[in-house]
Structures are given as structure tokens and as C-alpha cells.
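The residues making up each chain are set out below.
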Amino acid sequence: MRGRSSVCVPVSDPVIEFAHVVKQYDGRRVVDGLSLRIEQGQCFGLLGPNGAGKTTAIRMLLGMTHPESGSIRVLGHAVPEQAHRARAGMGVVPQLDNLDPDFSVRENLSVYASFFGLPDNTLDDRVDWLLEFAELTHKQHARIGELSGGMQRRLTLARALVNNPGLIVLDEPTTGLDPQVRHVMWSRLRDLQQSGKTLLLTTHYMEEAERLCDVLAIMDHGRIIAHGSPAELVRAHCERNVFEFPRLDAPQQAALDALPEVRLERSGTSWYAYTEQADPVHDWAAGHPQLRMLHRHHNLEDVFLRLTRRDLRD
Amino acid sequence: MIELTASDFRPGRGSLAVWRRNVRVWRKLIRVSIVLNFGEPVIYLLALGYGLQRFVGAMDGLPYMVFLASGLLVSAVMHTTAFEAMYSVYTRMEPQKTYQAILATPLRVADIVAGELLWCATKGVIASTAILIVAGCMGLISFPGALGVIPVAFLTGLAFAGFVMPLAPFARSYDYFSYFYTLVIVPMFMCSGVFYPIDSLPAAGQWAASLLPLYHAVELARPLATQAPLSAPLVHGLVLLLYAGAGYALSVRFYSRRLLQ
Ligand SMILES: Nc1ncnc2c1ncn2[C@@H]1O[C@H](COP(=O)(O)OP(=O)(O)OP(=O)(O)O)[C@@H](O)[C@H]1O
Ligand SMILES: [Mg+2]
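Keep in mind the model is a prediction, meaning the values are calculated, not measured. (Residues numbered from 1 in each chain as written. Chains lettered and ligands numbered in written order. Predicted model: local features only at pLDDT ≥ 70, side-chain atom pairs only at ≥ 80, totals over all residues. Heavy atoms only, no water.)

On the side of chain A, 27 residues touch chain B, which itself brings 24 residues to the contact. Of the roughly 2,400 Å² buried at the junction of chain B and chain A (both faces included), carbon and sulfur atoms supply 54%. At the boundary of chain B with chain A, the tally comes to 4 salt bridges. Between D120 of chain A and R20 of chain B there is a salt bridge, with the nearest N and O atoms lying 3.0 Å from each other. At the junction of chain B and chain A, the tally comes to 14 residue pairs in polar contact (both at pLDDT 80 or more). Of all the secondary structure elements, the ones that give two or more residues to the side of chain B that touches chain A are helix 1 (14-28) and helix 4 (98-102) of chain B. Of the residues forming the side of chain B that touches chain A, the biggest block, 7 residues, is contributed by helix 1 of chain B. Its residues placed into classes, the side of chain B that touches chain A shows 13 nonpolar, 5 polar and 6 charged. (Contact = heavy atoms within 4.5 Å. Buried area = accessible area lost by both parts, 1.4 Å probe. Salt bridge = Lys/Arg side-chain N within 4 Å of Asp/Glu carboxyl O. Polar contact = N/O pair within 3.5 Å; in protein donor to acceptor, adjacent residues only side chain to side chain. Helix = DSSP H or I, 4+ residues; strand = E, 2+ residues; numbered from the N terminus. Nonpolar A, V, L, I, M, F, W, Y, C, P; charged D, E, K, R; others polar.)

Listed below in C-alpha cells is the structure:
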């Protein structure tokens with residue numbers, strides 16, 4: 001990888017490529033042999049529990065921390081050696097906002113643009129457009145501290161677009177946002193995707209991943225444990241029917257578990273029965289009219305919980 | 001685990017963007033800054049100068065007020081620069097995470113360090129210019145001769161930024177800087193020839209003073225401000241340059257380690 005010329009990038013080259021990347025902190029492998037490819041125009045979702053190594057992977061991709069081994073290429077550049085070149089074509093929404101409190105909303109955009117070497121005279125129109133995009137035109141002279149969390153997040157997204165990047169990396173772009181703002185974010189991200197940009201995003205909202213992403217990778221302990229489109233993942237890793245029980249006593253647990261091809265799992269205080277065939281469970285439940293039960297189709301959250309099953313961490 | 005290569009030490013044009021960012025912040029607070037820049041030397045010159053002038057008369061062949069003013073020209077650079085390179089830099093690095101935000105752009109640590117050093121030196125020149133104006137109005141120095149101090153102020157600013165900037169990556173809080181200020185900056189201020197020639201110090205004190213940057217800055221600024229002949233200007237200039245250069249290299253190393261972990 002390293003030896004390859006980066007003068008001319010063939011169209012088929014991936015936008016991002018990780019090969020066997022390892023990152024340790026205090027002797028612990030936080031990213032453990034990570035390999036992945038993200039193609040031009042994809043919206044790639046990186047999922048995983050707290051501490052899985054998602055942010056670390058993103059920081060390595062930006063050259064903001066260096067791996068112990070493995071190779072990374074981004075937009076045709078070797079990272080971390082040439083990361084600054086790759087960053088010229090990228091936009092970043094970090095997990096924690098780091099807007100500049102010394103400046104107003106508008107100045108945050110124009111100052112950030114100056115770091116990309118964008119000339120001041122072409123900037124006003126672009127900044128106006130970005131303010132509109134983020135629905136912050138009416139707040140353009142406000143200080144950062146006067147913005148709500150949702151406004152700050154939108155401004156961070158707008159800031160990530162000052163250099164009109166082809167690749168946008170978003171680390172939990174919608175965490176902490178109310179449903180209204182989240183929907184605004186989603187529609188903005190879809191606009192970006194439709195304009196041909198490549199997106200890499202992490203999220204803890206499975207609904208978000210299902211709606212936005214073409215390809216998902218589920219990461220745990222620094223490794224990718226599942227990979228594919230949302231539909232593929234759901235099909236491959238979870239039975240079609242899911243029954244949720246807020247309460248089950250011991251005999252009921254035993255009875256359900258004994259049904260053929262029913263998998264019973266506990267998550268939090270609830271019980272979940274997974275099965276391809278719904279009828280046996282319905283038949284059994286008919287004999288327990290007092291039992292509270294919810295029947296639904298499988299979804300990405302079931303897959304996530306199944307694959308990353310274990311006690312809470314962090 | 002960060003291994004740096006020669007190119008990681010080479011600043012690019014991005015350093016000017018960092019410098020301009022700081023200029024933009026400064027311009028927003030320009031009134032406060034200017035009042036402080038002028039207020040401090042006026043207080044020193046009036047309180048110390050007029051107070052001591054009657055008892056001291058002349059010092060090293062100069063009226064005491066002139067002696068003091070020509071030393072303050074660079075000690076003010078030290079104070080301004082040290083403050084900027086400790087408190088302001090730490091603020092941008094830690095609570096504001098400004099450097100993290102900048103490192104997601106094409107800029108690199110070398111650009112941040114170079115931009116900050118340049119900005120510190122710029123603030124030093126502003127502080128020194130304020131004193132030139134105050135001292136000029138009080139008739140202590142004469143123009144245009146004294147303008148030769150301005151490049152010295154810039155070099156002094158670089159030297160002090162280089163002296164102080166490598167510290168912040170080791171800091172866990174602002175308290176850390178109070179120690180450095182009290183134990184290093186203040187003694188240097190007292191013993192580097194600003195208030196009296198260092199000949200009056202014991203040999204060990206003279207030796208210590210001559211290792212630190214302020215003494216060399218004073219040795220350049222005082223003759224320039226009073227149109228006296230310079231002695232060993234190359235040595236003094238080189239010492240200041242050395243502080244600037246070594247400080248730059250150490251800073252790139254230390255800030256890389258702290259920011260790119
Ligand atoms: N600078 C650091 N020093 C030491 N340990 C670190 C550092 N950064 C991250 N870690 C550790 O690496 C592991 C992975 O962290 P990371 O932030 O990449 O997880 P994540 O998948 O982004 O989690 P979350 O979903 O909570 O954001 C965690 O155990 C974290 O404590
Ligand atoms: Mg994270």
C-alpha cells in the first residue's frame with residue numbers, strides 16, 4: 001500500500017482504506033486489526049458500544065493519532081504521513097463540539113475557512129449559504145455560548161462543509177439532539193449524500209443507521225464483528241419475529257425456551273423471544289391471557305444487542 | 001508513540017492563518033488591550049521612576065528614568081509574551097479545544113506552534129511600542145533613533161515565546177503557570193538589568209542572569225533606545241535566536257505528544 005504512487009487516483013480506489021490497523025493505549029489494544037474499505041459515494045455507518053474504538057478509528061483516519069501498525073489510506077494519501085493533504089478534502093464533525101468561543105457564529109465559519117487557505121473575497125457567499133443550510137442565518141452574530149446544543153451541532157456540521165469536502169466524517173452527529181433537530185440533521189445528511197459526497201458516520205441510534213447508511217460495520221473491542229447493508233445484517237443475524245415481554249416468571253421462561261426454534265434472551269429487565277415462526281409463540285401466549293407481550297419484526301437494534309451482548313461497560 | 005520526521009517541523013502558510021485568527025480575537029478586545037498596554041508602563045514609570053529618580057539620580061551614566069524606561073521596553077515584551085504563551089495558549093489548547101479543531105483542517109502542529117510564536121512576538125511588539133510612545137511623550141527617549149528597538153522587541157518576543165511555550169503541554173491546570181511566573185519570570189524581571197546593571201549582582205547571580213533571555217534583550221534595547229554604542233550585539237542576538245529556535249523545536253515535539261495522543 002505504502003509504496004503505491006498517489007499522483008493519480010483511479011476511480012475504483014476506495015475513499016478510505018484501513019488494513020490491519022492496531023492502536024494501543026496503555027498496552028491495551030483499543031483498535032485491534034481493523035480492516036475496512038469505504039467506496040466513493042457511500043454512506044458508511046460505524047456502529048459499536050461505548051469504548052468499541054470508533055472515535056479512535058476516526059482520529060487515526062484524520063492523522064490525529066498514530067497507529068502502532070497497519071496502514072491507512074484516505075483520498076489517495078497515506079495516513080498519518082500525508083494526513084494533512086487528505087484533510088484538505090475532508091469535513092469533520094467531532095464527537096464533542098469544539099466551536100471557537102472567541103468568535104461569533106459567522107466568524108466561526110470564516111475563520112475555519114481560513115485554515116483551508118480559502119481566500120477571503122470568495123467567502124461571503126459560501127458562509128451565507130452555509131448559514132442557511134444550518135438554519136442559523138438569524139443567529140449569525142450570536143456568540144457560541146448563546147446557542148442551544150442543537151444549534152451548535154448544526155453549526156459544527158456547517159463548519160465541516162466550508163471547504164466543500166468530498167468526504168465527510170461525522171462522529172455521533174445527532175447525539176443529544178431532540179427529535180425535531182435530529183430530523184433536520186438527517187435531511188441535511190441525505191442532501192449531502194445525494195450530491196455525491198462520501199459519508200462516514202458513527203451513531204448509537206439504530207434507526208438513524210438504518211435510514212441513512214448503505215453499509216454498516218458493527219465494531220466491538222476494536223474489531224469489526226459484522227458488516228453489510230442494514231437489511232443484510234438484519235437478515236443474517238436475527239430471526240424474523242421478535243416478542244418482547246416486560247415480565248416473565250420462571251415457569252414461563254422455561255416454557256418459552258422449550259418451544260422449538262425459539263431463542264429467549266434477557267436484555268435489561270425485559271425478555272425477548274426470537275423466532276422465524278411466530279405461530280408457536282402466539283399459540284403459547286393464547287394460554288396466558290394476562291401476559292403483556294409485544295410482537296414486532298426484527299430490526300437492527302436486535303442485531304446490535306445480539307452481537308455486542310454483555311453487561312454494561314464504561 | 002508519535003514519531004516525527006523533519007517535515008513535521010517545517011511550518012507552512014497555515015501558520016499565518018493561526019496568527020490571523022489571534023489577530024482577529026485581539027481586534028475584538030482592542031480597547032481593553034490598549035488600555036493595559038499603555039497603563040502598565042505609565043504606572044511603572046510614574047511610581048518607580050519618579051519615586052526613585054530623586055534618590056538614585058543617574059544609573060550607569062543615564063538619568064534613572066531613562067535607564068528604567070529603556071529596560072521596560074523589553075521586560076514588557078517578556079510579561080506580555082509569557083502571559084500569552086502560558087495562559088492564552090493553554091486556554092486554546094485545553095478548555096476551548098481550538099487546536100483540536102484546527103488539527104482537523106490541513107494545518108499541522110508545526111503550523112500551530114509557528115503561528116502562536118509569531119503572534120506572541122507580535123503582541124510583544126505592541127507592548128513595546130506602547131512604552132516607546134509613553135517614554136517618548138515623557139521626553140525620556142528620542143525618535144526616530146529609538147525605533148531600532150522594535151526589531152529587538154520582535155526578537156525578544158520570539159525568544160520568550162520559545163522559552164515559555166514548551167511548558168503548556170505539561171500543565172494540568174492554570175496553577176502550574178503561577179509557579180513558573182513566581183519562580184522564574186519575576187526573579188528574571190528583577191535581576192536582568194532592567195532596574196539596575198547586573199554588575200551589582202554577585203558573580204553567581206550575574207552568571208545566572210546571563211543564561212536567561214531578558215538580560216540579552218536589555219543589552220540590545222537600552223543602547224538602541226538611548227543611541228549608545230552596542231556591545232557584542234551578535235552574541236545577544238544569537239542567544240535570543242537560540243531560545244526562539246530551541247523553543248520552537250521543543251514545542252513541536254511536546255505539543256505533538258499532547259495533541260496527537
Ligand atoms: N487518549 C486516550 N488515552 C487512553 N485511552 C484512550 C484514549 N482515547 C481512547 N481511549 C480508550 O480507548 C477505548 C476506545 O475509545 P473510543 O473513544 O475510540 O470509543 P468509542 O467507540 O468512540 O466510544 P463512544 O461510543 O463511547 O464514543 C476506550 O476504552 C477509551 O477509554
Ligand atoms: Mg466515540
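The rest of the description comes next.
As a further point, take the packing of aromatic side chains. For any pair of aromatic rings, the description consists of the separation of the ring centres together with the inter-plane angle of the planes. All names here are of chain A. For the coordinates displayed, the defined rule picks out 19 aromatic pairs over all chains. Each ring, one from Y272 and one from Y274, has its centre 6.3 Å from the other, and the planes form 15 degrees; the classification is stacked. In terms of burial, Y272 and Y274 fall into one category: buried. It is R182 that lies over the ring of Y205; its NZ or CZ is 3.9 Å from the centre. (Phe/Tyr/Trp six-rings, centres within 6.5 Å; stacked < 30°, edge-to-face > 60°. Buried < 20%, exposed > 50% of the residue type's maximum accessible area, 1.4 Å probe, protein only. Lys NZ or Arg CZ within 6 Å of the ring centre and 35° of its normal.)

Here we come to the confidence of the model for chain B. The pLDDT averaged across chain B works out to 94; a share of 100% of its residues lies at or above 70. The ipTM, which scores confidence in the relative placement of chains, is 0.92 for this predicted complex, and the corresponding pTM is 0.93. (pLDDT = per-residue confidence, 0-100.)

All names here are of chain A. Listed as protein donors to the magnesium ion (ligand 2) are T55 (OG1) and Q95 (OE1); their distances from the metal cover 1.9 to 2.2 Å. With T55 in helix 1 (residues 54-61) and Q95 in the loop between strand 6 (90-93) and helix 3 (105-115), this residue pair connects regions lying 40 residues apart in the sequence. By relative accessible area, T55 is classed as partly exposed at 27%. Taking relative accessible area as the criterion, Q95 reaches 34% and is therefore assigned partly exposed. (Donors = N, O, S within 2.8 Å, 3.2 Å for Na, K, Ca; no water.)

All names here are of chain A. Pairing within the open sheet is antiparallel, and its 4 strands lie in the order 2-1-4-5. In the strand order of this sheet, the two ends are held by strand 2 (28-38) and strand 5 (77-79), each with one partner. If you compare each strand with its neighbour and ignore which way they point, the axes differ by 30 degrees on average. In this structure, strand 1 (residues 16-25) lies alongside strand 2, joined through 8 bridges in antiparallel fashion. In the strand pairing of strand 2, V21 is matched with L34. (Pairing = 2+ DSSP bridges. Axes fitted to C-alpha atoms, helices over the stretch in contact; angles between N-to-C directions.)

Taken together, 15 residues are adjacent to ligand 1, and R28, N50, K54, T55 and T56 of chain A come closest. Around ligand 1 the close residues trace back to chains A and B. Contacts to ligand 1 include G51 of chain A, whose backbone N or O atom sits 2.8 Å from an oxygen atom. The separation between an oxygen atom of ligand 1 and a polar side-chain atom of K54 of chain A is 2.7 Å. Protein coverage of the free-state accessible area of ligand 1, which is 630 Å², stands at 71%. Of all the secondary-structure elements, those providing two or more residues to the shell around ligand 1 are strand 2 and helix 1 of chain A. No other element matches helix 1 of chain A, which puts 3 residues into the shell around ligand 1. For the shell around ligand 1, the per-class residue count stands at 4 nonpolar, 8 polar and 3 charged. (Near = heavy atom within 4 Å. Areas by Shrake-Rupley, 256 points an atom, 1.4 Å probe, with all protein chains shown as cover.)

Turning next to the confidence of the model for chain A. Scored by pLDDT, chain A has a mean of 92; 95% of the residues are at 70 or more. Of the regions scoring below 50 in pLDDT, residues 1-6 of chain A engages in 11 contacts with residues more than four places distant in sequence or in other chains.

A word on helix 6 (residues 179-194) of chain A. Residue and element names in this part refer to chain A. Given a rise of 1.5 Å per residue, 16 residues ought to cover 22 Å, and the 22 Å separating the end C-alpha atoms of helix 6 matches this to within 8%. Considered for burial, the residues of helix 6 that qualify are V181, R182, M185, W186, R188, L189, L192 and Q193. Buried residues of helix 6, viewed axially, fall in a sector of 165 degrees; they line one side. Away from its buried face by more than 90 degrees, helix 6 exposes P179, Q180 and Q194. Buried-residue contacts for helix 6 involve strand 3 (43-47), helix 4 (123-133), helix 5 (149-160), strand 7 (167-171), strand 8 (198-202) and helix 7 (206-212). In this structure D178 caps helix 6, since a side-chain oxygen of it lies 2.9 Å from the backbone nitrogen of Q180. Immediately downstream of helix 6, the backbone of G196 shows phi near 95 degrees, a positive value. (Expected span 1.5 Å × (residues − 1). Arc of directions from axis to C-beta.)

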